Structure formats: structure tokens, C-alpha cells
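Here's the letter readout for the chains.
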Amino acid sequence: MYLESLDLKFIQPCTTDSNRIRIKGSFSRTIEDLFPYLNTYLKTGIYNKKAGTLTFNNGPKIIIMYKEEVAVSKLLNETDAFETLDYIKNIINECADKKDEIIPNEEMRRLPSPIDVYEFLPKINCGKCGVATCLAFSAKLINGSFKPNRCIHLGEKDNEENKEEVEKIVLMLGYDL
């Protein structure tokens with residue numbers, strides 16, 4: 001097993017959402033050598049070699065891995081914190097186990113933005129999806145809160161190509177349709 005433990009170091013209120021918490025955890029060993037592999041393994045991860053960080057989201061949670069510790073924000077409670085630490089430990093161990101099958105990537109990828117998704121939306125701001133604008137809908141798609149089928153107009157005739165492009169982006173981000 002690559003990583004024996006991931007121990008909770010502290011819990012504090014989240015600075016971005018007062019109803020949530022943030023934590024830091026420490027790895028039982030440095031994971032620096034695994035970053036290029038994790039960058040490939042985690043399709044939505046952003047590896048910054050210069051800063052020595054790998055950042056990714058798990059739903060609304062923001063996870064920043066450093067070589068010896070991890071910081072997670074927007075957690076619901078302590079139970080969520082411990083479950084998330086287990087999730088991170090499992091990802092690291094799974095990636096290490098599959099290391100021989102993974103092509104390491106040291107490049108910092110650019111993830112799609114809400115504007116990239118917005119380009120393929122109807123742009124009629126009907127609100128039927130539950131938010132006021134198509135741009136707000138695209139932001140919800142990017143963070144995994146919404147699925148493409150929530151936009152009823154995207155499923156209409158003559159929008160097949162746009163729907164396909166939006167679905168490609170959603171899948172590339174690692175979300176289900």
C-alpha cells in the first residue's frame with residue numbers, strides 16, 4: 001500500500017461558506033512523486049508543478065494536495081471530513097497501484113469554463129432549469145450540480161450537436177450524464 005494513513009490535523013469553519021467546514025490532513029509519506037500520475041488519473045485535476053500542488057473538486061468540495069498534506073474546503077461536517085479523507089487516500093493508493101499503466105503528465109491543464117459551455121446553450125434565459133440564466137446553468141454544469149438534460153431546450157430538435165458538445169464537456173470533467 002502506497003499510503004498507509006491520512007490523518008486529520010485540524011478542522012475549522014470554512015472561509016467561503018459559513019455553513020461548512022474545512023480541514024487539513026497529513027499523509028503518512030510524501031506523495032510528490034505521484035503528482036504527474038495523479039494529474040493523468042484525475043481528469044479534472046490541475047497540477048501546478050512549480051507550486052507543488054494538485055487541485056481537484058469532488059462535488060462542491062475543493063481538494064488541494066501538497067506533497068505532505070491535503071486541504072479540503074466546503075465539507076458538510078466531521079463525518080463528511082473523515083469520509084473525504086478516506087476517498088482521497090483511496091484515490092492515491094489506486095493511482096499508485098495503476099502507476100505502470102498511467103502515462104505521467106506534468107502539464108497544467110485548462111479546464112472548461114462556464115463560458116465554454118455557454119457557447120453551446122440556447123441563450124434564452126428561460127429559467128426552466130431552476131436558475132435565471134443560461135450562464136448560471138453552465139456554471140452549475142461545470143461544478144457538477146446540474147446535468148445537461150436539465151436544460152429542456154438543449155434536448156430539442158436542431159440542438160443535437162450542441163447537446164453532444166455539452167455532454168462531451170460534462171464527461172471530460174468526470175461527471176455522469
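These numbers come from a predicted model, not from an experiment.

Q: What is the right way to read empty space enclosed by the protein from this model?
A: Per the counting criterion, the structure on display carries 1 cavity of 30 Å³ or more. Around the largest cavity, the lining comprises 15 residues; the ones closest to its centre are Cys126, Gly127, Cys129, Cys134 and Cys151. Here the lining of the largest cavity is composed, by residue class, of 9 nonpolar, 4 polar and 2 charged.

Q: Help me understand the UniProt feature "domain: 4Fe-4S" (unreviewed entry) in the chain, please; the structure alone is not making it clear to me.
A: Within the UniProt annotation, "domain: 4Fe-4S" (unreviewed entry) is assigned to residues 106-168. Between the first and last C-alpha atoms of residues 106-168 the distance is 23 Å; the span itself is 37% helix and 0% strand.

Q: Whenever I open this one, the domain arrangement of the chain confuses me. Can you help?
A: Note on interface size: it is often stated as the accessible area lost on association of the parts. When its domains are assigned, the chain resolves into domain 1 (6-101) and domain 2 (114-173). Averaged C-alpha coordinates put domain 1 and domain 2 at centres separated by 28 Å.

Q: Before we go on, may I ask you to explain the sheet that holds strand 1 (residues 6-13) in this structure?
A: The strands making up a sheet associate through backbone hydrogen bonding, with each pair oriented either parallel or antiparallel. Here we have 6 strands laid out as an open sheet, ordered 1-2-6-5-4-3, and antiparallel in their pairing. Strands with a single pairing partner mark the edges of an open sheet, and in this sheet they are strand 1 and strand 3 (46-48). With direction set aside, neighbouring strand axes in the sheet form an average angle of 15 degrees. Across 5 bridges, the pairing between strand 4 (residues 53-58) and strand 5 (residues 61-65) is antiparallel.

Q: What exactly am I supposed to notice about the pairing of strand 4 here?
A: A regular strand places its side chains so that they alternate between the two faces of the sheet. Bridging between strand 3 and strand 4 involves 3 bridges; their strand directions are antiparallel. Counted as the bridge partner of Asn48 is Thr53 from strand 4. Counting the residues that bridge the hairpin from strand 3 to strand 4 gives 4 residues, and of these Gly52 lies at a positive phi of roughly 70 degrees. Here strand 4 folds back onto strand 5, and the loop between the two strands holds 2 residues, one of which, Gly59, carries a positive phi near 65 degrees.

Q: Before we go on, may I ask you to explain helix 2 (residues 78-97) in this structure?
A: The α-helix winds at 3.6 residues per turn, so residues separated by three or four positions along the chain end up facing the same way. End to end, helix 2 covers 29 Å across 20 residues, agreeing with the expected 28 Å (1.5 Å per residue, within 8%). The complete set of buried residues in helix 2 reads Asp80, Ala81, Thr84, Leu85, Ile88, Lys89, Ile91, Ile92, Asn93, Cys95 and Ala96. Tucked into the core, helix 2 has its buried residues touching strand 1, strand 2 (21-27), helix 1 (35-41), strand 4, strand 5 and strand 6 (69-75).

Q: When you look at the layout of surface pockets in this model, what are you seeing that I'm missing?
A: Over the atoms rolls a probe the size of a water molecule, and in doing so it shows where empty space is left. By volume, the second largest pocket is sized at about 160 Å³. For the second largest pocket, the full set of lining residues is Thr44, Ile46, Thr55, Phe56, Asn57, Leu111, Pro112, Ile142, Asn143, Leu173 and Tyr175. Here the lining of the second largest pocket takes 3 residues from strand 4, the largest share from any one element. For the lining of the second largest pocket, the residue count by class is 7 nonpolar, 4 polar and no charged. The residue makeup of the lining of the second largest pocket includes at least three contributed by each of domain 1 (6-101) and domain 2 (114-173).

Thresholds applied
- Residue indices begin from 1 for each chain and proceed along its sequence in written order.
- For this predicted model, a pLDDT threshold of at least 70 governs which residues receive local features, and a threshold of 80 or more governs which side-chain atom pairs are given and counted, while totals over whole chains, interfaces and linings are taken from all residues.
- Hydrogens and water molecules were not included; the side-chain quantities draw on all heavy atoms of the structure.
- In this analysis, the protein atoms alone were mapped onto a 1 Å grid. Cavities are point sets where a 1.4 Å probe fits without being able to get out; pockets are open sets with protein on both sides within 12 Å along at least five of seven lines; lining residues have an atom within 4 Å of a point.
- Grid points are joined across faces, edges and corners, and a volume is the space filled by probe spheres set on the points.
- Residue polarity follows a fixed list, in which Ala, Val, Leu, Ile, Met, Phe, Trp, Tyr, Cys and Pro are nonpolar, Asp, Glu, Lys and Arg are charged, and the others, Gly among them, are polar.
- UniProt positions are given in the numbering used here, feature names are shortened, and annotations may be inferred rather than shown by experiment.
- Under the scheme used here, helices are H or I runs from DSSP no shorter than 4 residues and strands are E runs no shorter than 2 residues, and both carry numbers assigned from the N terminus.
- Each domain's limits were defined by an automated method or a database of domain assignments.
- DSSP calls a pair of strands paired once it identifies at least 2 bridges connecting them.
- Between the N-to-C directions of two axes lies an angle of 0 to 180 degrees, each axis being a line fitted to C-alpha atoms and, for a helix, fitted only over the stretch in contact.
- Expected helix span is given by 1.5 Å per residue-to-residue step, counting one fewer step than there are residues.
- Burial status follows relative accessibility: with a 1.4 Å probe on protein chains alone, a residue under 20% of its type maximum counts as buried, one over 50% as exposed, and anything between as partly exposed.
- We call two residues in contact when some of their heavy atoms are within 4.5 Å.

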